[in-house]
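Working through the structure, step by step
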Amino acid sequence: MSTEILSSVDNRHKKGFGAISVPERLLLGPGPSNSDPSVLKALALNPVGHLDPFYVSLMGEVQELLRYAWQTDNRLTLPMSGTGSAAMEATIANIVEPGDTVLIAIKGYFGHRLADMADRYKAKVCTIEKNWGEAFSLEEIENAFEKYKPSLFGIVHAETSTGVCQPMNGIGDLCRKHDCLLLLDTVTSLGGVPLYLDDWKIDLAYSCSQKGLSCPPGLGPFSINERAEKKLNNRKGKVPNWYLDVSLLNKYWGSDRVYHHTAPVNMNFGIREALRLLAEEGLENSWARHRSNAEALWDGLQSLGLELHVPIDLRLPTLSTVCIPPGVNGKEFSLHLLNKFGVEIGGGLGDLAGKVWRIGLMGYNSRQENVEKILNLFESELPKFRN
Ligand SMILES: Cc1ncc(COP(=O)(O)O)c(C=O)c1O
């Protein structure tokens, strides 16, 4: 390749765009949710070096606060650079070895993603499936354990595609009894729904920054316990993904502080502030706030004659699926809310495409005024879309 400086620069792609201006949005969809203003302030601070003693001590604070949010003592708890899917892939990449039997419980879109990832890491993937809107019983999981004898079982706690919260009673004990590791997706539960990694005997977990934590997307909290670490240490081969190899990452996040990749320092400023706010509010209070706002939303929607897709005992406080009434074009209605009022709600995914709207009340956005706003919009605008 020539190193000669050409006499003229090709300006075809040089466009005179104005400075960025983002429309104001109230994000009441499946995520991202709006960030807390104080998190946005933290993100806008000047970066420091990723090995600066100030930053190194902030990393420890983020880890401690993540342990609180997840209710765990796990040493290996850190935010992966990347979104929830990066942390999801990190759990699989570190633990799965070719030929391992991995059982995935699929009851929505994200269970399929887990199964796909395990397959890419050459696991022998077995699945059990439920309709989108249902949860698994302990008995169904136990039967699958007898049949497949997995060494890793993966399940989604809060299925964002359906609005179902999977009851976790007994699953941890079952995994221990069968000498199987338990992997839990907590992307739509962390911060908003009761969650106890250690008490529930969860061996591997991941989450995201942009939902219950009120931070923008960009970090994927990740945590594994000693049982999972043991499997990792006994691997026959290297973790096949360099970027997500937690042994390498822990040389940076642990006491050695060896450079791995340039940390997204501002994202970590943001999540530190988000987690600090969660701790200040207290987990129990945050869970109760999410629950009471969700209940107000459910009551309001039902009094407008709308139906919720999920039975109340399985409903997620962070994400509600509302059945689109016959004759209404769900997509046109949500576009109307976005274009006319700057309010985002989500549509259905996969099996529920065209059948439900998804309304998120997560983190900073789980507040009474937002419940009132969306209910008022349904009341005034939906009749315009009914035939
Ligand atoms: C349950 C669940 N798991 C995983 C993901 C993937 O996270 P991300 O989109 O941040 O990569 C999502 C995203 O919404 C999710 O809802």
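Here's a quick rundown of the structure. (Residues numbered from 1 in each chain as written. Predicted model: local features only at pLDDT ≥ 70, side-chain atom pairs only at ≥ 80, totals over all residues.)

Observations regarding helix H3 (residues 84-95)
Here H3 contains 12 residues, and its C-alpha end-to-end distance of 17 Å stays within 8% of the 16 Å for a straight helix at 1.5 Å per residue. For H3, the tally of buried residues reaches 11 of 12 residues, placing the bulk of the element in the interior. Buried within H3 we find Gly-84, Ala-86, Ala-87, Met-88, Glu-89, Ala-90, Thr-91, Ile-92, Ala-93, Asn-94 and Ile-95. (Helix = DSSP H or I, 4+ residues; strand = E, 2+ residues; numbered from the N terminus. Expected span 1.5 Å × (residues − 1). Buried ≥ 20, exposed ≤ 12 C-beta atoms within 10 Å, placed from the backbone.)

Section: the site of the ligand
Taken together, 14 residues are adjacent to the ligand, and Thr-83, Gly-84, Ser-85, Thr-160 and Val-187 come closest. When residues of the shell around the ligand are assigned to their parent elements, the largest contribution, 3 residues, is made by H3. Looking at the shell around the ligand, its residues break down into 7 nonpolar, 6 polar and 1 charged. (Near = placed C-beta within 6 Å. Nonpolar A, V, L, I, M, F, W, Y, C, P; charged D, E, K, R; others polar.)

Remarks on the sheet that holds strand S13 (residues 346-347)
If you walk across this open sheet you meet the 3 strands as S11-S14-S13, and the pairing is antiparallel. The sheet is open, and its two borders are formed by strand S11 (319-323) and S13, each paired with just one other strand. The pairing of S13 with strand S14 (residues 356-360) spans 2 bridges and is classified as antiparallel. Bridging across to S14, Gly-346 finds its partner in Arg-358. (Pairing = 2+ DSSP bridges.)

Quick notes on helix H4 (residues 109-120)
If you check H4, its first and last C-alpha atoms are 17 Å apart, about what 12 residues at 1.5 Å a residue would give, namely 16 Å. What H4 keeps buried is the set Phe-110, Gly-111, Leu-114, Ala-115, Met-117 and Ala-118. Each buried residue of H4 lies within a common arc of 160° when the element is viewed along its axis, so the set occupies one face. Immediately beyond the C-terminal end of H4, within one or two residues, lies Lys-122, with a positive phi of roughly 70°. (Arc of directions from axis to C-beta.)

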